[in-house]
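One letter stands for each residue in the lines below.
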Amino acid sequence: MAPPSASDPSDYFGNGTAQTVTVIVTPGMTGYDIGRALQSAGVVKSAKAYDDAANRDQRSVGIRAGSYILHAHMSAAAALSAIVAQTPAPAP
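Everything in this summary refers to the structure shown in the same document. (Residues numbered from 1 in each chain as written. Predicted model: local features only at pLDDT ≥ 70, side-chain atom pairs only at ≥ 80, totals over all residues. Heavy atoms only, no water.)

1. Looking at the side chain of Ser60
For the record, the criterion: Only DSSP runs of H or I reaching four residues or more are called helices, and only runs of E reaching two or more are called strands; each is numbered from the N terminus. Exposed residues in this analysis have more than 50% of their type's maximum accessible area, buried residues have under 20%, and partly exposed residues fall in between, with area computed by a 1.4 Å probe over protein chains only. Within 3.5 Å is the distance limit for a polar contact, defined as a pair of N or O atoms, with the added protein rule that one can donate a hydrogen and the other accept it, and that residues adjacent in sequence qualify only through two side-chain atoms. By definition, residues are in contact when any of their heavy atoms lie within 4.5 Å.
Take Ser60: it is sitting in the loop between α2 (47–56) and β2 (66–71). Ser60 sits in the buried class, given a relative accessible area of 17%. A distance of 2.9 Å separates the side chain of Ser60 from the backbone oxygen of Ala54, its partner in a polar contact. One polar contact links the side chain of Ser60 to the main-chain carbonyl oxygen of Asp57, over a distance of 2.9 Å. Setting aside anything within four residues of it in sequence, one finds Ser60 in contact with Ala54 and Leu80.

So this is what it looks like as structure tokens:
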């Protein structure tokens, strides 16, 4: 499956806005669960877009529980890249 493009209505395009958002990943969350948390926080446009990106990217298996700081309106692939690049803070 090809990555989403700027014309894909199910995903945002790019690295997001200047607004930052904190998202909590808890133990046992699936890719779709993380996508729902990201969608609820306004980071990604759809949980499915994030889950699809996570299924295409082996780095997603290393996501650890904790608190992540991301930007609003990121593409699913950009959100995934930002998550895997961070060492999560302990969740409150």
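2. A few points about the layout of surface pockets
What counts, and what does not: Cavities and pockets were defined on a 1 Å grid built from protein atoms only: a cavity is a group of points that admits a 1.4 Å probe but offers it no way out, a pocket is an open group of points flanked by protein on both sides within 12 Å along at least five of seven lines, and a lining residue is one with an atom within 4 Å of any such point. Grid points are joined across faces, edges and corners, and a volume is the space filled by probe spheres set on the points. Charged residues are taken to be Asp, Glu, Lys and Arg, nonpolar residues to be Ala, Val, Leu, Ile, Met, Phe, Trp, Tyr, Cys and Pro, and polar residues to be all remaining types, Gly included.
Estimates place the volume of the largest pocket at around 170 Å³. Lining the largest pocket are 17 residues, with Met29, Thr30, Gly31, Ile34 and Ser60 sitting closest to its centre. Counting only elements with at least two residues in the lining of the largest pocket, the list comes to α1 (31–40) and α2. Element by element, the count of residues in the lining of the largest pocket is highest for α2, at four residues. Within the lining of the largest pocket, the residues separate by chemical class into nine nonpolar, six polar and two charged.

3. Notes on the packing of α1 against α2
Heads up, the condition is: Inter-axis angles, ranging from 0 to 180 degrees, are taken between N-to-C directions of lines fitted to C-alpha atoms, where helices are fitted over the stretch in contact. Small angles under 35 degrees read as roughly parallel and large ones over 145 as roughly antiparallel, with 65 to 115 read as roughly perpendicular and the rest as oblique. The crossing is said to be left-handed when, going from far helix to near helix, the turn is anticlockwise and less than a right angle, and right-handed when the turn is clockwise.
The contact between α1 and α2 brings their axes to 7 Å, and the two run at 140°. Considering the angle they form, α1 stands oblique to α2. When you trace α1 past α2, the crossing you get is right-handed. On α2, the residues touching Gly31, Tyr32, Ile34, Gly35, Arg36, Leu38 and Gln39 of α1 are Ala47, Lys48, Tyr50 and Asp51. Here the contact of α1 with α2 is built from residues that sort into five nonpolar, three polar and three charged.

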